[in-house]
Amino acid sequence: MLNRAGEACNMLKEHIENDAVIRLISHNDADGISAAAVIANALAEEKVQFHTTLIPRLKEDIVNQLRSEKYDLFIFSDMGSSFIKEFNTYKHDVIVADHHQVDGTESESNVVHVNPHLFGVDGSKDLCGAGSAYLSIRDLDKKHLAYFPLIGAFGDMQGQKGFTGVNKLILDDALQSGNLEIHEGLKIVSKSTEPIFKSLAYTFSPPLPGISGDLDGAREFLERMNLSYGIKFTDLEDEEKDLLKDALISINPEIFGDCYTVPRETPMLRDLEEYSYILDACGKNKKQGLGLCIALGERDQALDAALRLQRQYRDQIVKGLEWVKKEGAQQLNTIQYLYSEDKVLKSVMGTIASIGLSVELLDESKPVLGLSRLHNDIKISGRTTRNMVSKGVDLGKALHDSSNNFGGTGGGHDIAAGAMIPFESKDNFLHLVDEMVEYQLSSD
C-alpha cells in the first residue's frame with residue numbers, strides 16, 4: 001500500500017514541478033475535512049496553487065461536470081473509489097485517496113487509486129480517508145502533518161480504543177515529528193470551556209450510559225458525589241478530579257486512557273478528538289469551509305464561530321437522544337430504524353443512530369438506520385456494532401445493493417454506511433435491507 005501511495009506522491013510531484021493548479025475534492029465530514037487539510041497544507045507549503053471543494057457526496061453529475069474543468073490533476077480524498085471506471089476516461093491525471101469499499105475496477109495509467117481495501121487492510125478501523133490522503137503526500141517529507149489523519153480517524157470512530165493497522169504507522173510519524181504527545185487522562189470533552197455537567201453529557205465516545213446525552217442525568221450524577229456541576233473540570237480540586245475519575249471508570253473503564261494532544265496548538269484544538277468534533281460540527285452545519293479554514297491555520301473569529309456551531313450541534317444531539325429515549329426505534333426482524341421529518345432531528349439522524357447504539361438506548365443486536373427526508377428523497381445513515389459485523393453484517397453491501405434496486409445510491413463500510421433513495425421507495429427499501437441483513441446473519 002505504501003508503494004501505491006508513493007506512486008500517487010510521484011504523480012503529485014510531477015504536477016508540482018510543472019507549476020500546475022491542482023483540483024481537490026473531498027468529503028464534508030470530519031474525516032473529509034481532515035483529508036482536504038492534510039493535502040491543502042502540503043500544497044500550500046510547496047507554494048502550489050489549488051482549488052478545493054468539500055461536498056456531502058460524490059455523484060455522477062459532479063464527476064461529469066469536473067471532467068470538463070481545465071486542471072491537469074484532480075485529487076479525490078475520502079471519496080472516489082466507486083467512480084474509478086469514470087476517472088479512467090478522464091483526459092487528466094487523477095489521484096483517489098479513499099478508504100470506502102471498492103468495486104474491483106482496475107485503474108488506468110492516468111489514475112492512482114490509494115485505498116486500504118485494495119491491500120487487505122480494513123478501511124473501517126485501520127485507515128481513514130485522511131490517512132489515505134496523508135500517505136499520498138507523505139513522501140514530500142510531511143510527517144509534521146501526520147496528526148491531521150489522526151483527527152480524521154477520530155472523526156471516523158477509529159481512534160477511540162487506540163490506533164491500529166496503518167493508523168499506527170501514521171501515529172508513529174506524528175510522534176517522531178514532535179508535533180504530537182500522548183498522556184493518560186479522562187476522555188471527557190470541553191474540560192476547560194464547559195460546565196462539568198455539560199462536559200459529561202456531551203461525552204459520547206467512550207459512552208457513559210445514563211450520562212451521555214442526558215443533561216439531567218449528568219447533573220444528578222455529580223450531585224450524588226457532592227460535586228458542583230456548574231464549574232469547569234479544570235477548576236475542580238485534585239481530590240475532586242480523582243473522585244470523579246474513579247466514579248466514571250466504574251461506569252466505563254475506557255473513559256480513562258491515552259489522550260492525544262498537539263502541545264503547540266491553541267487550547268481549544270489541542271486534543272485531537274476535540275478537534276475532530278469541531279470539524280464535524282462545521283460539516284454537519286454545512287460550514288465545511290469554516291472547518292477547512294481552521295485546519296489551514298485560521299483562528300480567532302473562525303474558531304469562535306466553529307465553537308458556536310459545536311455547542312449548537314451538541315444541543316441538537318441531546319434533543320435527538322431525548323427523542324430516541326421517548327419514542328424508541330421502529331423494529332423490523334433484523335434491523336431497526338429512526339425516522340422523523342423534524343428539521344433538527346433530521347440534521348443529526350446519523351449521529352443519534354450511532355450514539356443511541358453506544359449508550360444502550362437502542363438494541364445493540366440490530367443494525368440501526370437513521371432516515372431523513374430531503375424533498376423527494378430519503379437520506380439513510382446506517383450504523384451497527386463490531387459484534388454484529390463479526391456475525392456477518394455488512395451494511396455497506398446491504399445499503400449499496402438495496403438502494404440500487406430503487407434507482408438510488410449507497411455504500412460505505414461494513415459497520416457504517418449510507419444511501420440515498422426516492423422517498424416513495426422507503427418502506428420497500430427498509431424491508432429489502434431487513435431481508436439482506438437476515439441473509440447475511442444466516443450465511444455467516
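Refer to the structure presented above.
Residues numbered from 1 in each chain as written. Predicted model: local features only at pLDDT ≥ 70, side-chain atom pairs only at ≥ 80, totals over all residues. Heavy atoms only, no water.

Right, let's get into the packing of helix α5 (residues 129–137) against helix α7 (residues 166–177). Running from amino to carboxyl end, α5 crosses α7 at an angle of 55°, the nearest separation of the two axes being 11 Å. It follows that α5 is oblique to α7 by the angle criterion. Note on packing geometry: the crossing formed by α5 with α7 is left-handed. Where α5 approaches α7, its residues Gly-131, Tyr-134 and Leu-135 are matched on the opposing element by Val-166, Leu-169, Ile-170 and Asp-173. Looking at the contact of α5 with α7 residue by residue, the class counts come to five nonpolar, one polar and one charged. (Axes fitted to C-alpha atoms, helices over the stretch in contact; angles between N-to-C directions. Helix = DSSP H or I, 4+ residues; strand = E, 2+ residues; numbered from the N terminus. Parallel < 35°, antiparallel > 145°, perpendicular 65-115°, else oblique. Left-handed = near helix turned anticlockwise from the far one by under 90°. Contact = heavy atoms within 4.5 Å. Nonpolar A, V, L, I, M, F, W, Y, C, P; charged D, E, K, R; others polar.)

Turning next to the sheet that holds strand β8 (residues 330–331). In space, the six strands of this open sheet follow the order β8-β9-β10-β11-β13-β12, with mixed pairing throughout. Lying at the two open borders of the sheet, with one neighbouring strand each, are β8 and β12 (409–412). (Pairing = 2+ DSSP bridges.)

Take unusual backbone geometry next. Note: most residues except glycine have negative phi, and most peptide bonds are trans. Residue Ser-205 is joined to Pro-206 through a cis peptide bond whose omega torsion reads 0°. In this fold, Pro-206 is placed in the loop between α8 (196–201) and α9 (215–224). With a phi close to 65°, Asp-141 is a non-glycine residue in the positive phi region. On the basis of relative accessible area, Asp-141 is assigned to the exposed category, the value being 62%. Of note, Asp-300 is a non-glycine position whose phi angle comes to about 45°, a positive value. (Buried < 20%, exposed > 50% of the residue type's maximum accessible area, 1.4 Å probe, protein only.)

Below, the discussion takes up the pattern of salt bridges. Evaluation of the coordinates by the stated rule reveals 18 salt bridges. Close ionic contact of Arg-138 with Asp-173 constitutes a salt bridge, the shortest N to O distance being 2.6 Å. Separated by 35 residues along the polypeptide, Arg-138 in the loop between α5 and α6 (147–155) and Asp-173 in helix α7 bring together distant segments of the chain. On the basis of relative accessibility, which here comes to 3%, the residue Asp-173 falls in the buried class. Here the residues in one salt-bridge network are Glu-45, Glu-46 and Lys-142, joined through shared partners. (Salt bridge = Lys/Arg side-chain N within 4 Å of Asp/Glu carboxyl O.)

With twelve residues, α7 ought to run about 16 Å at 1.5 Å a step, and its terminal C-alpha atoms sit 17 Å apart, in line with that. Among the residues making up α7, those that are buried are Val-166, Asn-167, Ile-170, Leu-171, Asp-173 and Ala-174. Buried residues along α7 cover an arc of 155° about the axis, so they all sit on one side. Looking at the buried residues of α7, the elements they touch are α5, α6, β6 (181–186) and β7 (256–261). Once α7 ends, the next one or two residues include Gly-178, with phi positive near 85°. (Expected span 1.5 Å × (residues − 1). Arc of directions from axis to C-beta.)

Below, the discussion takes up the environment of Leu-338. By the secondary structure assignment, Leu-338 is in strand β9 (residues 336–340). For Leu-338, a relative accessible area of 1% translates into the label buried. Along the backbone, Leu-338 and Gly-328 are ten residues apart, and their C-alpha atoms lie at a distance of 7.9 Å. When sequence neighbours within four positions are dropped, the list of residues in contact with Leu-338 reads Trp-323, Val-324, Gly-328, Ala-329, Met-349, Ile-352, Ala-353, Leu-362, Val-368, Leu-369, Gly-370 and Leu-371.

Let's shift gears to the packing of aromatic side chains. If you walk through the whole model with that rule in mind, you get eleven aromatic pairs. Residues Phe-87 and Tyr-90 carry aromatic rings whose centres are separated by 5.4 Å and whose planes lie at 85° to one another, so their mutual orientation is edge-to-face. Across the pair, exposure class does not vary: Phe-87 and Tyr-90 are buried alike. Ring geometry for Tyr-147 and Phe-148: centres 4.6 Å apart, planes at 25°, overall stacked. Both residues of the pair, Tyr-147 and Phe-148, count as buried. An aromatic cluster of at least three residues, connected via ring pairs, comprises Tyr-71, Phe-74, Phe-76, Phe-87 and Tyr-90. For Lys-241, the ring lying beneath its charged end belongs to Phe-233, and the centroid distance is 5.4 Å. Above the plane of the ring of Tyr-339 lies Lys-426, whose end atom (NZ or CZ) is 4.9 Å from the centre. (Phe/Tyr/Trp six-rings, centres within 6.5 Å; stacked < 30°, edge-to-face > 60°. Lys NZ or Arg CZ within 6 Å of the ring centre and 35° of its normal.)

On to the pairing of strand β11 (residues 377–383). Where strand β10 (residues 368–374) meets β11, seven bridges bridge the pair, whose relative direction is antiparallel. What sits directly across from Leu-374, in β11, is Asp-377. Count of turn residues in the β10/β11 antiparallel hairpin: two residues, of which His-375 carries a positive phi of about 60°. Inspection of the sheet shows β11 paired to strand β13 (residues 416–422) by seven bridges, in the antiparallel sense. From the neighbouring strand, Ile-378 faces β13, where its bridge partner is Ile-421.

What the five strands build is an open sheet, ordered β2-β1-β3-β4-β5; its pairing is parallel. Edge positions in the sheet fall to β2 (50–55) and β5 (111–114), since each of these pairs with one other strand and no more. Shown here is a sheet whose adjacent strand axes are inclined to one another by a mean of 10°, direction ignored. In this sheet, strand β3 (residues 73–77) lies alongside strand β1 (residues 22–27) in parallel orientation, the contact comprising five bridges. Residue pairing in the sheet places Ile-25 in a bridge with Phe-76 of β3. Packed onto the sheet, helix α1 (residues 2–17) meets β1, β3, β4 (93–97) and β5 and runs at close to 140° relative to β5.

With that out of the way, let us pick up α9. Of the residues making up α9, those classed as buried are Leu-215, Gly-217, Ala-218, Phe-221 and Leu-222. Within α9, the buried residues cover an arc of 165° as seen down the axis, which keeps them to one side. Elements in contact with the buried residues of α9: α8, α10 (238–251) and α13 (301–327). Just past α9, the residue Asn-226 takes up positive phi, approximately 60°.

The subject of this paragraph is the layout of surface pockets. Estimated volume of the second largest pocket: approximately 550 Å³. Elements represented by at least two residues in the lining of the second largest pocket include exactly β6, β7, α11 (272–284) and α13. Broken down by class, the residue content of the lining of the second largest pocket amounts to eleven nonpolar, eight polar and eleven charged. (1 Å grid on protein atoms, 1.4 Å probe; cavity = no way out; pocket = protein on both sides within 12 Å on 5 of 7 lines; lining within 4 Å. Points joined across faces, edges and corners; volume = space filled by probe spheres on them.)

In short, shape yes, function no, at least from these values alone.
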